[in-house]
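Read off the chains here:
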Amino acid sequence: MKFYWKNAFDELKKTSSVTGAAFLAALSPVLGIFTIVVNKFLQIGFTSLVHAMTGYLYGPIMACVAGGLADIIKYIIRPTGPFFPGFTLNEMLVGFIYGLFFYKKDITLPKVIGARLIITVGINLVLTPMWLAIMYGNAYKFMVPVRIIKNLIMIPIDVFLRYTVLKFSEKNVKSRLIKNIK
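Source: prediction; values computed, not measured.

### Some words on the packing of helix H2 (residues 15-32) against helix H3 (residues 47-77)
Two elements in contact, H2 and H3, have axes separated by 7 Å at closest approach and are oriented at 50 degrees. Between H2 and H3, the angle is such that the two are oblique. Our pair here, H2 against H3, has a crossing hand that is right-handed. Of the residues in H3, those in contact with Ser16, Ser17, Val18, Gly20, Ala21, Leu24, Ala25, Leu27, Ser28, Pro29, Leu31 and Gly32 of H2 are Thr47, Val50, Met53, Thr54, Leu57, Tyr58, Met62, Ala66, Ala70, Ile73, Lys74 and Ile77. Its residues assigned to classes, the contact of H2 with H3 shows 16 nonpolar, seven polar and one charged.

Dropping the structure here:
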């Protein structure tokens, strides 16, 4: 466990890690453009895939930093409302959680489901409504049931997307490492 955190903090010192995480943070707002809007409450987005990939490749600390930067970049490029630091904190926590679940670990379906459930409950259903209450008062209460339904619909979609992308990355990263050793 001690080496896990040392390795995670050491990622901040590696130029290749900082560069890779910066690339992924810059990719996040670009992927946001390709969000599939089903209706005004239900959207399928791909930016969280970047957080999962950053957490997998560079660990929870780097993914946390990259998540915060990605949110700020996204706001600068395409603001969708007033800037609120709580949402930046959400993005940082998402990266951190994915890093905890995936960094230096094999990708398994239970891990992907576990990470997604923690993010869904802790961030999507607790923190986000709290930020909305701070910003808009009691009006958020009407949206909580809709948010619960939306998240229940999105969990299987999100798990499928993350598992597919991370397993593909796991296979390709390992095969690349094996080639470099030979």
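Read on for the rest.
### Quick word on the nonpolar core
Here is a general trend for soluble globular proteins: nonpolar side chains tend to be buried in one another's company. Ranked by internal contacts, the top residues of the largest apolar core, which has 27 residues, are Tyr56, Tyr98, Phe102, Ile107, Ile119, Ile123 and Leu166. For this core, the secondary-structure elements that each account for two or more residues are H2, H3, helix H4 (85-102), helix H5 (109-136) and helix H6 (144-181). No other element matches the eight residues that H3 contributes to this core. Listed in part, the six residues of the second largest apolar core include Leu42, Ile44, Leu49 and Leu161.

### Let's talk about unusual backbone geometry
Note: most residues except glycine have negative phi, and most peptide bonds are trans. Of note, the phi angle at Lys104 is positive, near 60 degrees, even though the residue is not glycine. Structurally, the position occupied by Lys104 is in the loop between H4 and H5.

### Some thoughts on the packing of aromatic side chains
By the definition in use, this model includes eight aromatic pairs. Measuring from ring centre to ring centre gives 5.6 Å for Tyr98 and Phe102, while their planes differ by 15 degrees; the resulting arrangement is stacked. Of this pair, Tyr98 and Phe102 are both found in helix H4, four residues apart, which corresponds to roughly one turn of the helix. Taking the relative accessible area as the measure of exposure, Tyr98 reaches 0% and is therefore buried. Among the aromatic residues, those joined into a cluster by ring pairs are Tyr4, Trp5, Phe96 and Tyr103.

### A look at the environment of Ala25
Relative to the helices and strands, Ala25 is located in helix H2. Relative accessible area serves as the criterion here: at 4%, Ala25 is assigned to the buried category. Sequence spacing of Ala25 and Val65 is 40 residues, and the spatial spacing of their C-alpha atoms is 9.2 Å.

Calculation notes
Residues numbered from 1 in each chain as written. Predicted model: local features only at pLDDT ≥ 70, side-chain atom pairs only at ≥ 80, totals over all residues. Heavy atoms only, no water. Axes fitted to C-alpha atoms, helices over the stretch in contact; angles between N-to-C directions. Helix = DSSP H or I, 4+ residues; strand = E, 2+ residues; numbered from the N terminus. Parallel < 35°, antiparallel > 145°, perpendicular 65-115°, else oblique. Left-handed = near helix turned anticlockwise from the far one by under 90°. Contact = heavy atoms within 4.5 Å. Nonpolar A, V, L, I, M, F, W, Y, C, P; charged D, E, K, R; others polar. Core = buried A, V, L, I, M, F, W, Y, C linked by side-chain atoms within 4.5 Å. Buried < 20%, exposed > 50% of the residue type's maximum accessible area, 1.4 Å probe, protein only. Phe/Tyr/Trp six-rings, centres within 6.5 Å; stacked < 30°, edge-to-face > 60°.

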